[in-house]
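Coordinate analysis (summary)
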Amino acid sequence: MVAPVVLVIGVIIGYPLVRGAHLSLTDANEANVERHIGVNHLPATYEFTGLANYRAVLSDPVFWDRLGWTVVWTVGCVSLTFLIALTLANMLNRKLRGRTFYRLALILPWAVPAFISVFTWRMLYNEKSGILNKLLAGGGIDAVPWLNDPTWAKLSVIAVNVWLGVPFMLVALLGGLQSIPGELYEAAEMDGANAWQRFRNITMPGLRAVSSTVILLSTIWTFNMFPVIFLLTRGGPGDATEILVTYAYRLSFVDSPRNFSQSAAWGVLILVLLSFVAVIYRRALRKQGEVW
Amino acid sequence: MRTHRNKRGPLASAGLHTALLVATAVAVFPPLWLLVTSFKPRNDAFSTSLVTHFTVANYTHVLADTTFLTWFGNSVIIVGVTTVLGVFIAATTGYAVSRFRFPGMRPLMWLLLITQMFPVAVLIVPLYNLLASLNLLNQPAGLVVTYLTIAVPFCAWMMKGFFDTIPVEIDESGRVDGLNPFGTFWRLVLPLARPGLAVTGFYTFVTAWAEVAYASAFMTGEENLTLAGGLQTFVNQYTNDWGSMTAAAVIIAVPAALVFAFAQRHLVSGLTAGTTKG
């Protein structure tokens with residue numbers, strides 16, 4: 001029963017991956033890959049160039065610029081998302097009038113496909129006539145160039161991504177909170193622990209398994225978060241909000257001529273960086289006595 | 001009976017509700033505003049007032065005068081097939097990893113997690129070339145295969161957590177009653193894992209329904225676009241048809257919201273099983 005699955009995964013992920021790694025070692029671009037023009041078939045003419053692409057990418061300040069912003073973006077998004085979700089989950093995990101209503105309303109952003117939400121935000125952010133600026137104008141504040149100024153654009157994309165990411169974390173953390181036995185809190189209270197002590201010594205350890213997994217997943221997802229940036233700003237203004245993934249995509253599908261090999265080299269570097277993060281993260285967890 | 005820790009002063013209670021109401025407003029406002037805007041006449045798209053001249057003109061325009069319905073059909077076919085296949089593959093994989101000890105199992109678990117890291121950028125060009133050589137560009141089947149690569153690994157991972165919570169004795173009793181391994185899986189274990197299937201199905205559906213990068217790269221020509229690609233044609237560098245955009249967006253969001261409403265009861269238990277026991 002495992003065999004077909006391993007086969008499927010091997011074919012649909014392994015093959016492209018190996019091909020991608022191979023492409024990154026060549027000088028493939030739009031002009032020299034295998035093509036069909038009408039009935040004519042042009043064979044591939046690109047050549048193996050070894051590590052030339054990697055050398056080019058790593059010595060290019062653009063890469064380091066994009067890497068810096070990608071790290072800020074990932075750390076900013078994940079930590080804000082986690083903090084907000086943790087706060088809300090703790091608020092929802094108690095007897096409260098209207099709890100079901102709050103829970104449903106707070107996970108609503110999850111029910112809307114992300115690209116719809118992103119387009120909606122683009123409408124809200126519209127500099128001349130978006131509702132955010134209209135509201136600010138009502139309060140006598142000048143219009144904010146949400147997506148047209150590099151700094152504001154960075155804050156804007158982070159805000160949207162956090163808005164999109166909170167529901168998933170909220171639901172996962174709520175599940176984690178509900179699996180912590182209530183007796184623990186009662187016993188702690190008997191012993192005179194205050195709210196903060198209970199949070200530190202019962203809630204946080206109880207949530208560790210869930211939170212370590214969601215933080216890792218959300219780090220990986222945010223690092224590779226294509227749609228938010230691509231649809232909100234197209235990486236602009238200039239390349240202010242371009243993260244590694246959108247930049248690599250731009251190389252092979254937006255810019256002309258399409259540079260497949262360099263795009264693949266960016267991709268492989270992204271993969272290496274992420275694997276690195278995952279390994280370090282796992283080691284850190286293991287030191288704290290986590291099982292996996 | 002109220003336990004001690006649920007006693008709250010009126011002030012704390014008010015603070016709690018205020019905070020939750022603010023968060024709710026932030027969460028709900030954008031989708032709500034989208035809905036409101038879609039019922040405004042085209043020229044009022046950016047007015048701050050609620051609907052003053054209620055109209056369904058945007059909807060009729062989108063449905064009658066654009067290729068929206070074609071895109072919708074494309075998406076339904078692609079996402080439907082992806083969801084059915086994805087859930088099936090994820091369930092069988094998850095079950096296999098949960099029940100059978102075989103060499104290479106731990107690496108397989110890792111592989112499933114690591115595939116989450118594969119950036120679109122590494123896979124997209126080779127997949128593009130692969131699909132081109134198989135004549136699958138602009139074909140729904142091409143996108144189905146692509147979406148499976150995204151959804152299946154994470155779903156299999158979640159399903160494993162789910163199957164781990166179902167006692168092995170159930171499998172054994174099935175074996176005693178003369179069922180083969182697949183029969184045990186299909187007739188006994190799968191029904192018990194229904195919440196997990198709901199979560200997996202939801203995740204696969206949402207992933208495929210909302211995917212942008214592959215859809216924009218692999219599908220060209222107006223009749224071949226999916227919803228994600230099509231919507232971009234309403235609002236791009238040259239045209240700003242917010243009226244059509246909002247109406248189309250609402251129509252696209254409705255099926256997703258329905259699937260979500262159906263699956264949300266299971267989301268908490270599903271994710272918890274998947275993330276803590278992974």
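Residues numbered from 1 in each chain as written. Chains lettered and ligands numbered in written order. Predicted model: local features only at pLDDT ≥ 70, side-chain atom pairs only at ≥ 80, totals over all residues. Heavy atoms only, no water.

- The name an unreviewed UniProt entry assigns to chain B is Carbohydrate ABC transporter permease, from the organism Streptomyces halobius.
- Its UniProt record gives chain B a comment under Sequence similarities (unreviewed entry), which states: "Belongs to the binding-protein-dependent transport system permease family. MalFG subfamily." (UniProt positions renumbered as here; feature names shortened; annotations may be inferred.)

Observations concerning the overall build of chain A
- Summing up its helical and strand segments, chain A has 13 helices and 2 strands in all.
- Structurally, chain A occupies a C-alpha span of about 80 × 60 × 35 Å along its principal axes.
- Looking at chain A as a whole, 51% of its 292 residues are labelled buried.
- Contacts in chain A between residues at least 24 apart in sequence constitute 66% of all its contacts with a sequence separation of at least 6.
- About 13300 Å² of surface is accessible on chain A, with carbon and sulfur atoms providing 63% of the total. (Helix = DSSP H or I, 4+ residues; strand = E, 2+ residues; numbered from the N terminus. Buried < 20%, exposed > 50% of the residue type's maximum accessible area, 1.4 Å probe, protein only. Contact = heavy atoms within 4.5 Å. Areas by Shrake-Rupley, 256 points an atom, 1.4 Å probe, with all protein chains shown as cover.)

Re the overall build of chain B
- Across its full length, chain B carries 12 helices and 0 strands.
- Starting at the N terminus and ending at the C terminus, chain B contains elements arranged as α-α-α-α-α-α-α-α-α-α-α-α.
- Counting only residues that meet the buried cut, chain B has 55% of its 278 residues in that class.
- Pairs at least 24 apart in sequence give 72% of the contacts found in chain B among residues at least 6 apart.
- Total accessible area computed for chain B in this model is approximately 11800 Å², and 67% of it derives from carbon and sulfur atoms.

Let's talk about the packing of aromatic side chains
- Counting across every chain of the model gives 34 aromatic pairs over all chains.
- Taken together, the ring pairs in this structure connect Trp110, Phe168 and Trp221 of chain A together with Phe154, Phe202, Tyr203 and Phe260 of chain B into an aromatic cluster.
- The cationic tip of Lys154 of chain A hangs over the ring face of Trp69 of chain A; the distance from NZ or CZ to the ring centre is 5.2 Å.
- Between the NZ or CZ atom of Arg234 of chain A and the centre of the ring of Phe230 of chain A, over which it lies, the distance is 4.3 Å. (Phe/Tyr/Trp six-rings, centres within 6.5 Å; stacked < 30°, edge-to-face > 60°. Lys NZ or Arg CZ within 6 Å of the ring centre and 35° of its normal.)

Some remarks on the pattern of salt bridges
- Throughout the structure, instances matching the rule amount to 4 salt bridges over all chains.
- A salt bridge links Arg198 of chain A to Glu189 of chain A, with the nearest nitrogen and oxygen atoms 3.6 Å apart. A single burial state applies to Arg198 of chain A and to Glu189 of chain A, both of which are buried.
- One salt bridge connects Asp164 of chain B with Lys160 of chain B, and the closest N-O pair in it is separated by 2.8 Å. Of this pair, Asp164 of chain B and Lys160 of chain B both sit in helix 6 (residues 140-164), separated by 4 residues, roughly a single helical turn.
- Taking relative accessible area as the criterion, Asp164 of chain B reaches 31% and is therefore assigned partly exposed.
- What makes Lys160 of chain B buried here is its relative accessible area of 11%. (Salt bridge = Lys/Arg side-chain N within 4 Å of Asp/Glu carboxyl O.)

Details of unusual backbone geometry
Residues and elements named next belong to chain B.
- Here the phi dihedral of Asn135 falls at roughly 60 degrees; this positive angle occurs in a residue that is not glycine.
- The class of Asn135 is exposed, set by a relative accessible area of 61%.
- A positive phi angle is found at Asn138, which is not glycine, with a value near 65 degrees.
- Note that Asn138 resides in the loop between helix 5 (120-133) and helix 6.

Re the confidence of the model for chain B
Residues and elements named next belong to chain B.
- Averaged over every residue, the pLDDT of chain B is 80; the share at 70 or more is 86%.
- Confidence, expressed as mean pLDDT per element, reaches its minimum in chain B at helix 4 (residues 105-114) with 70 and its maximum at helix 3 (residues 68-99) with 89.
- Within the model, the stretch residues 1-5 combines pLDDT values under 50 with 6 contacts to residues more than four positions away or in other chains.
- This complex was scored by the predictor with a pTM of 0.82 and an ipTM of 0.78. (pLDDT = per-residue confidence, 0-100.)

Describing the environment of Ala141 of chain B
Residue and element names in this part refer to chain B.
- Here Ala141 shows up in helix 6.
- The partly exposed category is assigned to Ala141, whose relative accessible area is 39%.
- Linking Ala141 and Leu131, residues 10 residues apart in sequence, is a C-alpha distance of 9.5 Å.

Topic: the interface of chain A and chain B
- On the side of chain B, 90 residues touch chain A, which itself brings 88 residues to the contact.
- Taken together, the links from chain A to chain B amount to 0 salt bridges.
- Here chain A is connected to chain B by 3 residue pairs in polar contact (both at pLDDT 80 or more).
- A total of 12 residues in the side of chain A that touches chain B trace back to one element, the largest contributor, which is helix 1 (residues 2-23) of chain A. (Polar contact = N/O pair within 3.5 Å; in protein donor to acceptor, adjacent residues only side chain to side chain.)

Quick look at the UniProt feature "transmembrane region" (unreviewed entry) in chain B
- As recorded in UniProt, the sites labelled "transmembrane region" (unreviewed entry) are residues 71-96, 108-128, 140-159 and 242-263 of chain B.
- Taken end to end, residues 71-96 of chain B has its terminal C-alpha atoms 37 Å apart, with 100% of it in helix and 0% in strand.

Topic: a nonpolar patch on the surface
- Together, Leu80, Leu83 and Ile84 of chain A line one region of the surface with nonpolar side chains, adding up to about 260 Å² of accessible area.
- With respect to the secondary-structure elements, Leu83 of chain A resides in helix 3 (residues 61-92). (Patch = residues over 30% accessible without salt bridge, like charges linked within 9 Å, V, L, I, M, F, W, Y side chains within 5 Å.)

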